[in-house]
Amino acid sequence: MEININCDLGEKSKHHSNKHDPDLLEIVNSANIACGFHAGDDQSMSEVIQISKKNGVSIGAHPSFNDPENFGRQRMSLSSSEITKLIIDQYDTLQTIADNYKENVTHIKPHGALNNMACEDIELATTLAKTIKGINKDLIYLVPTGSKMEEAAKKFNMKIACEIFADRNYEDDGNLVSRKKPHALITDPEQAKKHVLNMVKNQALNCHSGKQIPCEIDSVCIHGDNISSLATAKSIKENLIDNGLELKPLNLMEKFN
């Protein structure tokens, strides 16, 4: 069975350091690269692309609201044409830089509030799906499993990779537990490792209550904000491999070829 590990990278900003990016790029299979709207700049994009190329990591755009002040985490109300422009501009920025290294952007994963809103709002999810398919029908669309984003993408017959979060708990409706709640995050590496393996093997979300929701899982999102999350990422990867899973970049998974 194949699985992918993805991570948000190149998020250099006043809110976030990208010093762990080189270490993370030795662990993950696919990189979601900040395109300058919530974080990152030409230099950070170039660095992530070069290290990804060296490590056989596939690259994707991580588009966001144009809101560096709030790291793209504040909800905004934009028209569908503004959303379309937002996505295309960020994809183009990253692909232009990737061209310098003869690399292709092979997936897109929206960031922060844009992603959270599209998980709940079918209209926004439809605008995103339509825009991404319009850029290139072969782009892989990385979406939270069970979300409105997955639902909209299926209507457009897109290449869809469904992801789970390694370090987050889920509510009984399949949504992530709000970061405002004390049990939102899973910080114990042992617990995170078991949480991920369980979900991948069973193709089901583990809810905090103990409930399981059947779903498709192609990719595991890890975060690498600090040293302990790096250790967690390593142990999750080793545990998946030890349990017979084959790790691959998104664009090399059999599902998409």
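For the structure given in this document, a descriptive report is provided here. What you see is a predicted model, and the numbers here were worked out from it, not measured in a lab.

## Structural notes on the pairing of strand β6 (residues 159–165)
A regular strand carries its side chains on alternate faces of the sheet.
And then number 1: For β6, a buried count of six out of seven residues is recorded, marking the element as mostly surrounded by other parts of the structure.
And then number 2: Sheet analysis places strand β5 (residues 140–144) next to β6, joined by five bridges and oriented parallel. Residue pairing across strands places Pro144 opposite Glu163, the latter belonging to β6.
And then number 3: Sheet analysis places β6 next to strand β9 (residues 219–222), joined by three bridges and oriented parallel. Residue pairing across strands places Phe165 opposite Cys221, the latter belonging to β9.

## Overview of helix α5 (residues 122–135)
And then number 1: Taking 1.5 Å per residue as the helical rise, α5 with its 14 residues ought to reach 20 Å, and the 20 Å between its terminal C-alpha atoms agrees with that figure.
And then number 2: Listed as buried for α5 are Leu124, Ala125, Thr127, Leu128, Ala129, Thr131 and Ile132.
And then number 3: Buried residues in α5 make contact with α3 (80–99), β4 (105–108), α4 (112–120), β5 and α6 (148–155).

## Let's talk about the nonpolar core
And then number 1: Within the largest apolar cluster, 69 residues are counted, with the highest numbers of intra-cluster contacts made by Tyr141, Val200, Ile222 and Leu240.
And then number 2: With seven residues, α3 is the largest single contributor of residues to this core.
And then number 3: Excluding its chain neighbours within four sequence positions, the residues that come into contact with Leu240 are Ile3, Ile5, Val196, Leu197, Val200, Leu245 and Leu247.
And then number 4: Residues Ile140, Ala161, Met253 and Phe256 belong to the second largest nonpolar core, which totals six residues.

## Comments concerning the pattern of salt bridges
And then number 1: Inspection of every chain in the model, using the stated rule, returns 16 salt bridges.
And then number 2: The partner of Glu120 in a salt bridge is Arg75, with the nearest N and O atoms 3.0 Å apart. Here the residue Glu120 occupies a position in helix α4, and Arg75 occupies one in the loop between β3 (58–62) and α3, the gap between them amounting to 45 residues.
And then number 3: Judged by its relative accessible area of 47%, Glu120 is partly exposed.
And then number 4: Residue Lys255 is joined to Asp218 by a salt bridge in which the shortest nitrogen-to-oxygen separation is 2.9 Å. One end of the pair, Lys255, is in the segment after β10 (246–247); the other, Asp218, is in the loop between β8 (212–214) and β9, and 37 residues separate them in sequence.
And then number 5: Residues participating in the shared-partner salt-bridge network are Glu150, Lys154, Glu216, Asp218 and Lys255.

## What to know about unusual backbone geometry
And then number 1: Even without glycine at this site, Phe71 takes up a positive phi of about 55 degrees.
And then number 2: Tracing the chain through its elements places Phe71 in the loop between β3 and α3.
And then number 3: Positioned with a positive phi, Gln203 is a non-glycine residue whose angle comes to about 45 degrees.
And then number 4: Within the element layout of this structure, Gln203 appears in the loop between α7 (189–202) and β7 (204–206).

## Observations regarding the packing of α3 against α5
And then number 1: Contact geometry for α3 and α5: axes closest at 10 Å, N-to-C directions at 40 degrees. The angle between the axes of α3 and α5 places the two elements in the oblique class. Crossing hand, α3 versus α5: right-handed. Facing α3, whose interface residues are Ser80, Ile83, Thr84, Ile87, Ile88 and Tyr91, α5 presents Leu124, Thr127, Leu128, Thr131, Ile132 and Ile135.
And then number 2: Taken together, the residues of the contact of α3 with α5 sort by class into eight nonpolar, four polar and no charged.

Parameters and conventions
Residues numbered from 1 in each chain as written. Predicted model: local features only at pLDDT ≥ 70, side-chain atom pairs only at ≥ 80, totals over all residues. Heavy atoms only, no water. Buried < 20%, exposed > 50% of the residue type's maximum accessible area, 1.4 Å probe, protein only. Helix = DSSP H or I, 4+ residues; strand = E, 2+ residues; numbered from the N terminus. Pairing = 2+ DSSP bridges. Expected span 1.5 Å × (residues − 1). Contact = heavy atoms within 4.5 Å. Core = buried A, V, L, I, M, F, W, Y, C linked by side-chain atoms within 4.5 Å. Salt bridge = Lys/Arg side-chain N within 4 Å of Asp/Glu carboxyl O. Axes fitted to C-alpha atoms, helices over the stretch in contact; angles between N-to-C directions. Parallel < 35°, antiparallel > 145°, perpendicular 65-115°, else oblique. Left-handed = near helix turned anticlockwise from the far one by under 90°. Nonpolar A, V, L, I, M, F, W, Y, C, P; charged D, E, K, R; others polar.

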